[in-house]
Amino acid sequence: MNCIKGSSKKIYVLDTTLRDGEQVPGAKLNLEEKMEVAKQLIRLNVDMLEIGFPSSSKGDFEAVKAISSVIGKDAVVTALGRAVKSDIDAIYESLKKAEKPMIHIVLGSSGVHIEKKFNRTAEEVLAMGVEAVKYAKKLMPEVQYSLEDASRSSFEYMWKTIEAVVKAGATIINIPDTVGFAVPEEFGSLIYRISDRLKNLNPNVLLSVHCHNDTGLATANTLAAVRNGADKVECTINGIGERAGNTSLEEVVMGIKLHPEYYGGFTAINTKEIYTTSRMVSAIMGLDVQVNKAITGENAFAHSSGIHQDGLLKSKEVYEIIEPQDIGAPPMELVLTARSGRHAFTHIIERLGYKIQEEHKEEIYSDFLAMADQKKEVYDYDIEMLMKKYPKQIVVREKKIDFWELVDFEVVDNSLVSTAAVKVKRGEKISTCTQTGSGAIDALYSAILAAIDTPVSLLEYRIHNIARGKESLGKVGIQIIHEGILYQGKAIEKDIIRASAIALINAVNKVMQKATI
Ligand code: KIV
Ligand code: ZN
């Protein structure tokens, strides 16, 4: 693979969550939701934001107009349109109040687009592109031109188009792998060739890439492009987008951050905002983040194998290349399972303040394994219950940590109102409370939080079945914020309401310990 070495340049990041990301079926947002995401993207410090396709609907036009007028100088704001006057006019009208606007024009460059989509000659399509850029340029100084389906286009035709649209005034040339067809080595070479020529043609024009993930290569292709001279990457949060999605912003940004010399660059992304942005987009768009998703998945910083847990407890570096706090995620998690060894088990019970008499350690560890076989994952609350089974001289609570415990609860849910009554205790202190809510979980959580009287806000609540058929086992994962710090709590129970209550109590008990792992 050809590569440009040695230099360190800024790689611009354009986020298109609100345009390509919003094309995901069912992920359409209203204006208020789009605005919330846009503001978070500004906190993330993206360089450019693509916020819609104004000619597609009145709603999109109005959203682009409203959002672009509040973005200010913090980022370039752009919207997409085809190479036709009416689309360009819609972009102009919706962006004209923006402080740093840019028109984005897309036009196919591959044989299949030219023949099948447009039914025109290649020369006619090229002329359309040039006319569109010239027209856009009269309206705004910044114009990005995307050669749709570039990765399946002839190089000579692509270059002819690039030369012509740059001469017509395009300030960014975007090379999309529209259908996720590219492979990293070839895509890298393509970008190297274009970059080389573009520098001679006009060194001020940025070279950008936009990759789709149809064969799972969007991040690899984008990074190969960066290594080969791309100045700008187009991404979405959590990699959402048309079909299998786009390049995931968090993966590319952290890839470059981990290997700045290899990629010869850096981004300006405030990585500490990555996790919050990922969760916000997931919640607002109703699109779950795959549990094993790189960087932002639930398991990205969770370790369950005995060998890994043992290594991590000796030094985090053994199995951790990114610290969760670098992306603003909750601390690394040791998940106790039937594969956990004695080291991890002892670590958790000591964190909870317990010490086991030497001669009973094996017996209690076996008991733990039996519990882990049954529950699949064992959390703090389960360990507390396990410890309670043993007489005080066998299991000693050395550190005085009083955790909250669920004594009893009742939830009554009907079409008018949901009511929850809970009884919790902490040491000798018993607290009871009854609350109503808009649903069973709302009422339950209000009652628990009122009873424990700890100011926390609920950021996320997730539930899924981790067993088969009617053998259902509900796993609840929640995240809460206390004094600006994120804590997570999980629980697995047959009864999902009970799992929900215990997950919250586990999270609150982590606040008590300021638990790290
Ligand atoms: O996938 C694509 O080609 C696009 C362009 C508009 C950049 O989304
Ligand atoms: Zn796309």
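Residues numbered from 1 in each chain as written. Chains lettered and ligands numbered in written order. Predicted model: local features only at pLDDT ≥ 70, side-chain atom pairs only at ≥ 80, totals over all residues. Heavy atoms only, no water.

A. Region of the structure containing the sheet that holds strand E18 (residues 457-465). The strand order E18-E19-E20 describes an open sheet built from three strands, whose pairing is antiparallel. Each end of this open sheet is capped by a strand with a single partner; those strands are E18 and strand E20 (485-493). Across the sheet, the axes of successive neighbouring strands diverge by a mean angle of 15°, strand direction being ignored. Bridge analysis of strand E19 (residues 474-482) against E20 gives nine bridges, and the strand direction is antiparallel. Pairing of Gly474 across the sheet is with Glu493, part of E20. (Pairing = 2+ DSSP bridges. Helix = DSSP H or I, 4+ residues; strand = E, 2+ residues; numbered from the N terminus. Axes fitted to C-alpha atoms, helices over the stretch in contact; angles between N-to-C directions.)

B. Molecular detail of the packing of aromatic side chains. Counted according to the given criterion, the structure contains five aromatic pairs. An angle of 90° between the planes, with centres 4.9 Å apart, marks the rings of Tyr262 and Tyr263 as edge-to-face. According to the relative accessible area criterion, Tyr262 is partly exposed, its value standing at 40%. Residue Tyr263 is classed as buried on the basis of its relative accessible area of 12%. Ring pairing ties together the aromatic residues Phe345, Tyr365 and Phe368, which thus form one cluster. The ring of Phe155 carries Arg193 above its face, with NZ or CZ at 3.8 Å from the centroid. The aromatic ring of Tyr262 is capped on one face by Arg227, whose charged end is 3.7 Å from the ring centroid. (Phe/Tyr/Trp six-rings, centres within 6.5 Å; stacked < 30°, edge-to-face > 60°. Buried < 20%, exposed > 50% of the residue type's maximum accessible area, 1.4 Å probe, protein only. Lys NZ or Arg CZ within 6 Å of the ring centre and 35° of its normal.)

C. Representation of the sheet that holds strand E17 (residues 429-437) in the model. Reading across the sheet, the three strands line up as E15-E16-E17 and stay open at both edges, with antiparallel pairing between neighbours. Edge positions in the sheet fall to strand E15 (404-413) and E17, since each of these pairs with one other strand and no more. Adjacent strand axes in the sheet meet at a mean angle of 10° when their direction is disregarded. Here nine bridges tie E15 to strand E16 (residues 418-426), and the two strands are oriented antiparallel to one another. Pairing of Val411 across the sheet is with Ala420, part of E16.

D. Region of the structure containing the environment of Ile383. Along the polypeptide, Ile383 turns up in helix H15 (residues 380-388). Note on Ile383: relative accessible area 0%, which makes it buried. Sequence separation of Ile383 and Ile348 is 35 residues, and the distance between their C-alpha atoms is 8.5 Å.

E. Region of the structure containing a nonpolar patch on the surface. Taken together, the side chains of Ile307, Val318 and Tyr319 define a hydrophobic patch exposed on the protein surface, amounting to about 300 Å² of accessible area. On the secondary structure map, Tyr319 appears in the loop between helix H12 (306-314) and strand E12 (333-334). Judged by relative accessible area, Tyr319 falls into the partly exposed class, the value being 34%. (Patch = residues over 30% accessible without salt bridge, like charges linked within 9 Å, V, L, I, M, F, W, Y side chains within 5 Å. Areas by Shrake-Rupley, 256 points an atom, 1.4 Å probe, with all protein chains shown as cover. Salt bridge = Lys/Arg side-chain N within 4 Å of Asp/Glu carboxyl O.)

F. Representation of helix H8 (residues 218-227) in the model. Counting buried residues in H8 gives nine out of 10 residues, a clear majority hidden from the surface. Three or more residues of H8 are buried, namely Ala218, Thr219, Asn221, Thr222, Leu223, Ala224, Ala225, Val226 and Arg227. Against strand E7 (172-177), helix H7 (184-201), strand E8 (206-211), strand E9 (232-235), helix H9 (249-258) and helix H10 (260-263) lie the buried residues of H8. Note on H8: the residue one or two positions beyond its end, Gly229, has a positive phi of about 115°. (Contact = heavy atoms within 4.5 Å.)

G. Local environment of the confidence of the model for the protein chain. Residues at a pLDDT of 70 or more form 98% of the protein chain, whose mean pLDDT is 95. This stretch, residues 1-5, has a pLDDT under 50; its non-local contacts, to residues over four places away or in other chains, come to 16 contacts. (pLDDT = per-residue confidence, 0-100.)

H. Structural context of the site of ligand 1. Around ligand 1, the surrounding shell consists of Arg19, Asp20, Leu80, Val106, Ser146, Glu148, Asn174, Pro176, Thr178, His210 and His212. Within the side chain of Asp20, one N or O atom sits 3.0 Å away from an oxygen atom of ligand 1. Thr178 is positioned such that a nitrogen or oxygen atom in its side chain is 2.7 Å from an oxygen atom of ligand 1. About the coverage of ligand 1: the protein hides 94% of its 260 Å² of free accessible area. Residue assignment for the shell around ligand 1 shows that the elements contributing at least two residues are strand E6 (143-148) and E7. (Near = heavy atom within 4 Å. Polar contact = N/O pair within 3.5 Å; in protein donor to acceptor, adjacent residues only side chain to side chain.)

I. Local environment of the pairing of E7. Counting buried residues along E7, six of its six residues qualify, which places the element largely inside the surrounding structure. Residue alternation in E7 divides its side chains into two sets, Ile172, Asn174 and Pro176 and Ile173, Ile175 and Asp177, and both sets are buried. When E6 meets E7, the two strands line up parallel, connected through three bridges. The residue bridging Tyr145 from the neighbouring strand is Ile173, located in E7. Regarding the hand of the β-α-β motif, the stretch spanning E6, helix H6 (residues 155-167) and E7 is right-handed. In this region the chain leaves E7, passes through H7 and returns to the parallel neighbour E8; the handedness of that crossover is right-handed. (Right-handed = clockwise from strand over helix to strand, strands pointing away.)

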